[in-house]
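If you want the building blocks of each chain, they are given just below.
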Amino acid sequence: MPTSCSMPRTLLVTGGAGFIGSAVIRHLLTSTRARVVNVDKLTYAGNLASLVEVAGNPRYAFERLDICHRQGLDRVFACYQPDAVMHLAAESHVDRSIDGPADFIQTNIVGTYTLLEAARAYWNGLDTERRDAFRFHHISTDEVYGDLGAPVAGASKLEPHSSNLFTEQTPYSPSSPYSASKASADHLVRAWQHTYGLPTLITNCSNNYGPYHFPEKLIPLVILNALEGKPLPVYGRRRAGA
Ligand SMILES: NC(=O)c1ccc[n+]([C@@H]2O[C@H](COP(=O)([O-])OP(=O)(O)OC[C@H]3O[C@@H](n4cnc5c(N)ncnc54)[C@H](O)[C@@H]3O)[C@@H](O)[C@H]2O)c1
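Counting from 1, residues in each chain are numbered in the order their sequence is written. Local features are withheld for residues below a pLDDT of 70 in this predicted model, meaning they are given only at 70 or higher, and side-chain atom pairs are given and counted only at 80 or more; totals for whole chains, interfaces and linings count all residues. To obtain the side-chain values, all non-hydrogen atoms of the structure were used and water was disregarded.

1. Some thoughts on the site of the ligand
Around the ligand sit 29 residues in total, of which I20, D40, S92, Y178 and K182 are the nearest. In this structure, an oxygen atom belonging to the ligand sits 3.0 Å away from a main-chain N or O atom of F19. Any pair of N or O atoms that falls within 3.5 Å is considered a polar contact. Within protein, one atom must be able to donate a hydrogen and the other to accept it, and sequence-neighbouring residues count only if both atoms are side-chain atoms. Residue N208 places a main-chain N or O atom 2.7 Å away from an oxygen atom belonging to the ligand. For the ligand, whose free accessible area comes to 830 Å², the fraction covered by protein is 97%. Starting at the N terminus, helices and strands are each numbered in turn, a helix being any DSSP run of H or I of at least four residues and a strand any DSSP run of E of at least two. When residues of the shell around the ligand are traced back to their parent elements, those giving at least two are α1 (19-31), β5 (135-141) and α6 (177-196). The element best represented in the shell around the ligand is β5, accounting for three residues. Each residue receives one of three labels: charged for Asp, Glu, Lys and Arg, nonpolar for Ala, Val, Leu, Ile, Met, Phe, Trp, Tyr, Cys and Pro, and polar for the others, Gly being one of them. Split by residue class, the shell around the ligand holds 13 nonpolar, 11 polar and five charged. It suffices for a single heavy atom of a residue to lie within 4 Å of a molecule or strand for the residue to be listed as near it. The Shrake-Rupley method, run with a 1.4 Å probe sphere, supplies the accessible areas, and residue values consider only the shown protein chains as cover.

2. Some remarks on the sheet that holds β5
One bridge is not enough; two strands pair if DSSP finds at least two bridges between them. Strand order in the open sheet formed by six strands is β3-β2-β1-β4-β5-β6, with parallel pairing between adjacent strands. Two strands lie at the open edges of the sheet, namely β3 (60-64) and β6 (200-205), each paired on one side alone. The sheet shows a mean angle of 20° between the axes of neighbouring strands, taken without regard to direction. Where strand β1 (residues 10-14) and strand β4 (residues 84-87) come together, four bridges link them in parallel fashion. By the bridge assignment, L11 is partnered in β4 with A84. Against the sheet, α6 makes contact with β5 and β6, and its axis sits at roughly 155° relative to β5, the strand it touches most. Fitted lines through C-alpha atoms give the axes, limited to the stretch in contact for helices. The angle between two N-to-C directions lies from 0 to 180 degrees. Two residues form a contact once any of their heavy atoms are found within 4.5 Å.

3. Concerning the pattern of salt bridges
Salt bridges are counted wherever a side-chain nitrogen of Lys or Arg sits within 4 Å of a carboxyl oxygen of Asp or Glu. Across all of its chains, the model carries seven salt bridges by this definition. Between R96 and E216 there is a salt bridge, with the nearest N and O atoms lying 2.9 Å from each other. Of this pair, R96 sits in helix α3 (residues 94-99) while E216 sits in the loop between β6 and α7 (218-227), and the two are 120 residues apart along the sequence. Here's how the labels work: a residue is buried when its accessible area is under 20% of the maximum for its type, exposed when over 50%, partly exposed in between, all with a 1.4 Å probe on protein chains only. Taking the relative accessible area as the measure of exposure, E216 reaches 16% and is therefore buried. For the salt bridge of R120 with E117, the shortest nitrogen-to-oxygen distance reads 2.9 Å. Of the two residues, R120 and E117 both sit in helix α4 (residues 102-124), three residues apart, roughly one turn of that helix. For the pair formed by R120 and E117, the shared burial category is buried.

Everything listed is a geometric property; what it means functionally is a separate question.
Set out below in structure tokens:
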């Protein structure tokens, strides 16, 4: 399939039935001309109801698939010929990762590895123009940098280190099974670019909130508990002397 500025691009979005992925897909289908193929296993966190308003769009396709399933991924790449991948599929809830880390290792590390390998095989078979234009966007988290310390009094926001903000140069220091699995995935993505030349991007966003947020996450949980007069959970420990 030829690609040029005037041609709509095809994006393969993993985890598109999740909270952020569904917002991305709603945006892509309502505000751009892109075609979208949504690859999602539909775990407890996947909710196709969040895509009802765009599900009938002829530019949208859904594939129920585990990103650990290499043959399934190969079929999807061959069938839809994407110009880019936006990889959001993950186990994403910190508390669940503490109760049961296995799914996090499987999806976030093995799944990312499997997706990288499928993308690399597909990308190797593209013509030069499409190879150059291809992108693999890995959506990670700021939690790979660990916990922020207490704010430094009087520090400038323009000097991130002195005000204890994360930057892309901050050393990785994940502190939960969730963030460790995401950090592992980031390292794999970086290595696939360095070793094989796969054109990758990693973004490390902070917490998101908004419509269709799963009720176990902090902001909806606090709102729902407050409405029902229940205790409000607070994470972290009080520092000695703080
Ligand atoms: N929500 C946030 O505030 C936040 C902050 C920083 C980074 N992130 C990252 O953004 C991405 C999306 O987060 P979210 O909050 O929308 O997550 P989510 O838990 O709401 O959605 C994850 C989606 O991935 C799918 N999925 C899980 N395992 C899969 C597998 N093996 N194969 C295919 N699909 C699978 C689920 O069915 C679900 O639809 C994640 O990678 C997360 O680490 C989220």
